[in-house]
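Chain by chain, the residues run as shown.
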Amino acid sequence: MPDIASLYDALGGDEPLTAAVERLYDKIIRDPELAPFFEGVVLARHTVHFRAFLRGALGGPDTYRGPAIDRAHAHLGLTDHHFDLVAGHLVAVLGELEVPADVADGLLGAVAPLRGIVVSAPVPTGPDTAATVRT
C-alpha cells in the first residue's frame, strides 16, 4: 500500500477525489436509512468539508478546517450501523471508479478513525441484540 503521504497522488489527485465524494453523497442521500440525516441541510457544504478532510488525510494539499467533527455529528445519534452503511457506499464508489485495491484500502484506513468520532448512539444491549455487538 502506498504510504499516507502519497495516497492523494496515488488516487490521482483532486479530480478523482471530487468524483468519489460526489458519488458517495449521491448514494448516501438515496439510502433510505441515511437520507433523513440530510433533510434540510446544505449538501454542498458537507461535500466541501469531506473533500477537505480527505485531502488532508490522504496527504494532499488541504487541511480540514470545518466544524469539529464530533460536535457536528453529536446530535444525530449515529450508530455503528450508520457508519457501516456509509463505509459500504464508499467501498462501492471506489470500486465503481476502479481505484486500485491498495489505494482504496489506504483511503478506508484514513476514514476508519472517524467511527469513534461520529458514532454517538449507545450500543444496543439485551438478548435480541447480543449478536450485533462488536468486540
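A general feature of soluble globular proteins is that nonpolar side chains tend to end up buried together. In this structure, Phe50, Phe53, Leu54 and Leu58 are the most contacted members of the largest nonpolar core, which totals 30 residues. Where this core is concerned, the elements lending two or more residues are helix H1 (7-11), helix H2 (14-30), helix H3 (43-57), helix H5 (80-96) and helix H6 (101-111). Looking at which element gives the most residues to this core, the answer is H2, with 6 residues.

For H3, built from 15 residues, the straight-helix expectation of 21 Å at 1.5 Å per residue is met to within 8% by its first-to-last C-alpha distance of 21 Å. Listing the buried residues of H3 in full gives Thr47, Phe50, Arg51, Ala52, Phe53, Leu54, Arg55 and Ala57. Of the surrounding secondary structure, the elements contacted by the buried residues of H3 are H1, H2, helix H4 (69-74) and H6. Gly59 occupies a position one or two residues after H3 and carries a positive phi of about 85°.

For the protein chain, mean pLDDT is 84; residues scoring 70 or higher make up 86% of the total. Across residues 129-135, confidence stays below pLDDT 50; counting only partners more than four residues off in sequence or on other chains, it has 6 contacts.

Bringing the packing of aromatic side chains into the picture now. According to the stated counting rule, one finds 3 aromatic pairs in the structure shown. Here Tyr25 and Phe50 contribute two aromatic rings whose centre-to-centre distance is 6.2 Å and whose plane-to-plane angle is 75°, an arrangement assigned as edge-to-face. Linking Tyr25 in helix H2 with Phe50 in helix H3, this pair joins segments that are 25 residues apart in sequence. Each member of the pair, Tyr25 as well as Phe50, is classed as buried. Ring geometry for Phe50 and Phe53: centres 6.3 Å apart, planes at 10°, overall stacked. Residue Phe50 and its partner Phe53 are located together in helix H3, separated by 3 residues, close to a single helical turn. Take Phe50 and Phe53: they sit in the same class, and that class is buried.

What counts and what doesn't
- Residues numbered from 1 in each chain as written.
- Predicted model: local features only at pLDDT ≥ 70, side-chain atom pairs only at ≥ 80, totals over all residues.
- Heavy atoms only, no water.
- Core = buried A, V, L, I, M, F, W, Y, C linked by side-chain atoms within 4.5 Å.
- Buried < 20%, exposed > 50% of the residue type's maximum accessible area, 1.4 Å probe, protein only.
- Helix = DSSP H or I, 4+ residues; strand = E, 2+ residues; numbered from the N terminus.
- Expected span 1.5 Å × (residues − 1).
- Contact = heavy atoms within 4.5 Å.
- pLDDT = per-residue confidence, 0-100.
- Phe/Tyr/Trp six-rings, centres within 6.5 Å; stacked < 30°, edge-to-face > 60°.

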